[in-house]
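# A look at the structure
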Amino acid sequence: MTTPRGASPQDQARALRTAAAMAGAVDLSGLKARAEAKAAQQARPAPSGEAGPAGAAPGPGVVDVTDQSFPVEVIDRSANRLVVVLLAASYSEQSQAMAAVLEKLAADDAGRWTLARVDVDGAPGVAQAFGAQSVPMVVAVAAGRAVTAFAGAQPEPAARQWLDDVLAQLPPEFGGGVAGEAPSDPRRDAAEQLAGDGDYDGARAAYEAILHANPGDAEAAAAVKQMAFFARATKGEPGAIARDDAAAGATGEERVAPALAAADEELLTGSPKGAFDRLIAAIRVTAGDDRSALRTRLLELFELFDPADPVVLAARRDLAGALF
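Presented here is an overview of the structure given in this document. (Residues numbered from 1 in each chain as written. Predicted model: local features only at pLDDT ≥ 70, side-chain atom pairs only at ≥ 80, totals over all residues. Heavy atoms only, no water.)

A few words now on the packing of aromatic side chains. Scanning all chains against the criterion turns up six aromatic pairs. When the centroid spacing of 5.2 Å and the interplanar angle of 35° are considered together, the rings of Y200 and F230 count as tilted. Of this pair, Y200 sits in helix α8 (residues 200–213) while F230 sits in helix α9 (residues 218–233), and the two are 30 residues apart along the sequence. (Phe/Tyr/Trp six-rings, centres within 6.5 Å; stacked < 30°, edge-to-face > 60°. Helix = DSSP H or I, 4+ residues; strand = E, 2+ residues; numbered from the N terminus.)

This is the structure:
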């Protein structure tokens, strides 16, 4: 599922948390048949397990997939296990960032589901089957069907929530509803429901209450920051990116508001690099309180991501260059 910039801010934000269900919309059996026929004509099918779109060899719970290996690695494997397909490209920084997030989640979940990495340049048949128009694209596959998807690089908390939502809707044999799980926390369930309904101010307050009761709750602390971002960004007037482009020649105070709004819109549409770059460009042409406001917002956005995220690390270097 893609989220165009013309969509409402509420729809864009909701896409970051959990994509609209597309159960049964993509039946992959046709691709499986074509791939098997092609593989039968070749002396050696393209192997799985080589370096993937992120450039690194696959770790535990991760496989690299080609058009030929797709039937076994995705379709057959999804018969009794959730397979999360990452459609990516080696030249795409967002693809690399999304791969790093999903690989970490796969390692954290220790085999509960499988991450299948697909280089769209090397596997055009898979990309075409999923209707991928841009990368990265992430698709959840169960029982041979794509059940939900999202496009664009997302921060780890958003990807974690999306994955948990997918698993919660699947039966135990697909990794969902595992017996012996700890009972749910009604307060956290209520906060998640508020977020799912688009009431980000209410969700932030609910997570703050959880954090007040348990100051060491890192998940609640991260959720407070995430909900604060959604609450602010979804209230912005659409078209902020275009307005910031028009203000690119401005300096000082006239540069601040357009850059802040455009950075939020960039992040809502799945472009953290775009958000960081806009703020850094504005920092370069401002000073004093104006520069401080832009720097503070940039640091807040960094906190929505893993500190080791390559996009964040690059932006921190660029920020240092802009300041000094």
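What follows is about the nonpolar core. Among the nonpolar cores identified, the biggest contains 39 residues, and Y207, F229, F276, L279, L294, L298 and L301 are the most heavily contacted of them. The leading source of residues in this core is α9, at eight residues. When residues no more than four places from it in sequence are discounted, the contact partners of Y207 are R188, A191, E192, A220, A223, V224 and M227. One finds M98, A153, V166 and F174 within the second-largest nonpolar core, a separate group that totals 26 residues. (Core = buried A, V, L, I, M, F, W, Y, C linked by side-chain atoms within 4.5 Å. Buried < 20%, exposed > 50% of the residue type's maximum accessible area, 1.4 Å probe, protein only. Contact = heavy atoms within 4.5 Å.)

All right, on to the pairing of strand β4 (residues 114–119) then. The buried fraction of β4 is high, at five of six residues. As paired strands, strand β2 (residues 62–65) and β4 are joined by four bridges and run parallel to one another. Bridging from a neighbouring strand, D64 pairs with R117 of β4. Strand direction decides the pairing type here: strand β3 (residues 83–88) and β4, joined by six bridges, are parallel. Paired with A88 across the strands is D119, a residue of β4. (Pairing = 2+ DSSP bridges.)

Across all of its chains, the model carries two cavities of 30 Å³ or more by this definition. There is about 30 Å³ of room inside the second largest cavity. Along its surface, the second largest cavity is lined by A97, M98, V101, A153, Q154, P272, F305 and D309. Residue contributions to the lining of the second largest cavity peak at three residues, all from helix α4 (residues 93–109). (1 Å grid on protein atoms, 1.4 Å probe; cavity = no way out; pocket = protein on both sides within 12 Å on 5 of 7 lines; lining within 4 Å. Points joined across faces, edges and corners; volume = space filled by probe spheres on them.)

Here helix α14 (residues 310–323) contains 14 residues, and its C-alpha end-to-end distance of 20 Å stays within 8% of the 20 Å for a straight helix at 1.5 Å per residue. Buried within α14 are the following residues: V311, V312, A315, L319 and A322. For α14, the arc enclosing every buried residue in end-on projection is 90°, short of the 170-degree limit, so these residues lie on one face. By the N-cap criterion, in which a side-chain oxygen at the helix start approaches the backbone nitrogen of a residue two or three places on, α14 is capped by D309, the distance to V311 being 2.8 Å. (Expected span 1.5 Å × (residues − 1). Arc of directions from axis to C-beta. Polar contact = N/O pair within 3.5 Å; in protein donor to acceptor, adjacent residues only side chain to side chain.)

Every α-helix carries 3.6 residues per turn, so stepping three or four residues along brings you back to the same face. The terminal C-alpha atoms of α8 lie 20 Å apart, and with 14 residues this matches the ideal 20 Å at 1.5 Å per residue to within 8%. Within α8 the residues assigned to the buried category are Y200, G202, A203, A206, Y207 and I210. All buried residues of α8 fall inside an arc of 160° around its axis, so they share one side.

A separate point is unusual backbone geometry. For residues other than glycine, phi is negative in most cases, and the peptide bonds are mostly trans. In this chain, V135 is followed by P136 through a cis amide linkage whose omega measures 0°. Non-glycine residue A110 carries a positive phi angle of around 50°. Of note, the phi angle at A143 is positive, near 55°, even though the residue is not glycine. Position of A143 relative to the elements: it lies in the loop between β5 (137–142) and β6 (145–151). Its relative accessible area of 52% is what places A143 among the exposed residues.

So, on to the environment of E103. Checked against the element boundaries, E103 lands in helix α4. On the basis of relative accessible area, E103 is assigned to the partly exposed category, the value being 23%. Counting along the chain gives 13 residues from E103 to A116, while the straight-line C-alpha distance between them is 9.8 Å.

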